[in-house]
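Structure at a glance
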Amino acid sequence: MIEIKPFDGLGQFHNEWLAARYHFSFAGYYDPAQMGVGSLRVWNDDTIRPGTGFDMHGHRDMEIITYVREGAITHQDHLGNKGRTEAGDIQVMSAGTGIMHAEFNQEEDPTKIFQIWIEPAVQGVEPRWETRSFPKGERAGELVPLASGRPEHEGALPIHQDAAILGATLKAGQSVTHRLDAGRHLYLVPATGRITVNDAEAGPRDGVVVSDLDEVVITAKEDAEILLADVA
């Protein structure tokens, strides 16, 4: 089964510094039919104005993955970690027993991110944060694991769950194939460009839910950048 969730139908939040779309129930947006897919609990599409961001706040027992679509995000936490993650790169925070952190756009232009939360398989782990560069050239026409708890994904940033975040850049007409093991689900979002997933068409920033299929073929109808979560 393939279900398309149009971008215009997603939950919304706006204030003076943040414009957000929520793929699943989050904060003040609640829809009992949109509570996540498998262990994937949150997929937020955030645009953050220059010089603003999320003040220091806390999390526990959640794998929080940030993919930067445009601009850069600067992280700081109570463990002493500080770093800047640029467009096309990813950061992972395992909240574990508890972490306090802040995320700011210190750039001159708006920063656009996907913020993805995955429920961990184990609770109470030691909190950690890490960022890593994944050159987009390596993702040309190929799905590359960016964050993963699956043993076959060596080189991806680790998370505490049998799940994976993969990304690819596709030229118009290019395709990639992704196989799904039994009982697993796929959640796919084109950051840019229009795509088809088997015979279903999705536009930029739409959500695509895939379940009860062994394989999907993702084809770019125009140049596209895609991100997907493979979860149980």
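Residues numbered from 1 in each chain as written. Predicted model: local features only at pLDDT ≥ 70, side-chain atom pairs only at ≥ 80, totals over all residues. Heavy atoms only, no water.

1. With respect to the environment of D89
Our working definition: Runs of H or I in DSSP of at least four residues are treated as helices and runs of E of at least two as strands, each being numbered from the N terminus. Here, two residues are considered to be in contact whenever any of their heavy atoms come within 4.5 Å of each other. Any pair of nitrogen or oxygen atoms within 3.5 Å is treated as a polar contact; in protein, a donor-acceptor pairing is required on top of that, and neighbouring residues in sequence qualify only through side-chain atoms on both sides.
By the element assignment, D89 lies in the loop between β8 (82-86) and β9 (90-94). In the structure, D89 is positioned 44 residues away from S133 in sequence and 5.0 Å away in space, judged by C-alpha atoms. When neighbours within four sequence positions are excluded, D89 is seen to be in contact with T66, Y67, V68, R132, S133 and F134. There is a polar contact of 3.0 Å between the side chain of D89 and the backbone nitrogen of F134.

2. Brief notes about the nonpolar core
Stated precisely, the cut-off is as follows: Residue types Ala, Val, Leu, Ile, Met, Phe, Trp, Tyr and Cys, when buried and joined through side-chain atoms within 4.5 Å, form a set referred to as a nonpolar core. Each residue's exposure class comes from its accessible area (1.4 Å probe, protein chains only) as a fraction of the maximum for that residue type: buried when under 20%, exposed when over 50%, partly exposed otherwise.
Counting residues in hydrophobic clusters, the biggest one holds 26 residues, and the most contacted among them are L40, W43, I65, I116 and I165. With sequence-adjacent residues up to four places away left out, W43 is seen in contact with R21, Y22, H23, F24, F114, Q115, I116, Y187, V189, L227, L228 and A229.

3. Some points on unusual backbone geometry
We note that D61 has phi near 45 degrees; this positive angle belongs to a residue other than glycine. Its location among the elements puts D61 in the loop between β5 (52-59) and β6 (63-70). The exposure class of D61 is buried, given its relative accessible area of 18%. One non-glycine residue with positive phi stands out, namely N198, at about 55 degrees. The topology assignment puts N198 in the loop between β18 (195-197) and β19 (200-202).

4. Digging into the pairing of strand β21 (residues 215-220)
Test applied: Two strands pair under a simple rule: DSSP has to find at least two bridges between them.
Covered by surrounding structure in β21 are V216, I218 and A220 only, the residues E215, V217 and T219 on the alternate face being uncovered. In the sheet, strand β16 (residues 175-179) pairs with β21 via five bridges, with the strands oriented antiparallel. Residue pairing across strands places V176 opposite I218, the latter belonging to β21. Pairing of β18 with β21 involves three bridges; the strand directions are antiparallel. Looking at the pairing, V197 lines up with I218 of β21.

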